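Summary of the model geometry
Listed below, chain by chain, are the residues.
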Amino acid sequence: MPKGYWIARVDVHDPEIYQQYVKANAVAFAKFGARFLVRAGKHVVASGKAPARNVVIEFRDYETALACHDSEEYRAAAKLRDAAAAVDLVIAEGYDGPQPG
């Protein structure tokens, strides 16, 4: 079964509130077994434009990724996120098919 992913592009405009969001989202992420694969860090813009922060979070499966987003715990955290940052968030199902080569 393919994993589920959150792919977020984030520009923080209020770091203090954003840190409150980071603390608050930990509750939902722990409940749904989230695993950060990318969490800000260094990056190169190879083409186009990119925000200051890029985040990729892995979940057991697509349904779990959706359930986390729709949970009461995350909805409460998202209010802080939205007050502190501009965010593009995609929830995607991973690819579990053949690989090239």
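Let me sum up the structure you'll find in this document. Predicted model only: the values in this text are computed from it and were never measured.

Cut-offs applied
Residues numbered from 1 in each chain as written. Predicted model: local features only at pLDDT ≥ 70, side-chain atom pairs only at ≥ 80, totals over all residues. Heavy atoms only, no water. Helix = DSSP H or I, 4+ residues; strand = E, 2+ residues; numbered from the N terminus. Contact = heavy atoms within 4.5 Å. Pairing = 2+ DSSP bridges. Core = buried A, V, L, I, M, F, W, Y, C linked by side-chain atoms within 4.5 Å. Buried < 20%, exposed > 50% of the residue type's maximum accessible area, 1.4 Å probe, protein only. Axes fitted to C-alpha atoms, helices over the stretch in contact; angles between N-to-C directions.

Along the chain, the position of Asn-25 falls in helix α1 (residues 15-31). Among all residues touching Asn-25, those that are not within four sequence positions of it are Tyr-74 and Ala-77.

Another point: the pairing of strand β1 (residues 4-12). Across seven bridges, the pairing between β1 and strand β3 (residues 53-59) is antiparallel. Of the residues in β3, the one forming a bridge with Trp-6 is Ile-57. Across nine bridges, the pairing between β1 and strand β4 (residues 85-93) is antiparallel. Bridge pairing links Trp-6 to Ile-91 in β4.

By size, the foremost hydrophobic cluster in this structure holds 19 residues, and its most contacted members are Trp-6, Tyr-18, Phe-29, Phe-59, Cys-68 and Tyr-74. Elements supplying a minimum of two residues to this core: β1, α1, β3, α2 (62-70) and α3 (72-84). Contact partners of Trp-6, with chain neighbours within four places excluded, come to Phe-29, Val-55, Val-56, Ile-57, Phe-59, Ala-65, Cys-68, His-69, Tyr-74, Leu-89, Val-90 and Ile-91.

Attention now goes to the sheet that holds β3. Spatial strand order, β2-β3-β1-β4: four strands in an open sheet with antiparallel pairing. This sheet does not close on itself; its edge strands, each paired only once, are β2 (35-39) and β4. Averaged over all pairs of adjacent strands, the angle between their axes in this sheet comes to 15 degrees, without regard to strand direction. Direction of pairing for β2 relative to β3: antiparallel, over a ladder of four bridges. Each bridged residue has a counterpart across the sheet, and for Arg-35 the counterpart in β3 is Glu-58. Its contacts with the sheet place α2 against β1, β3 and β4, and it is angled at close to 150 degrees to β4. Most of the contacts of α3 go to β4, to which it runs at about 135 degrees, and overall it touches β1 and β4.

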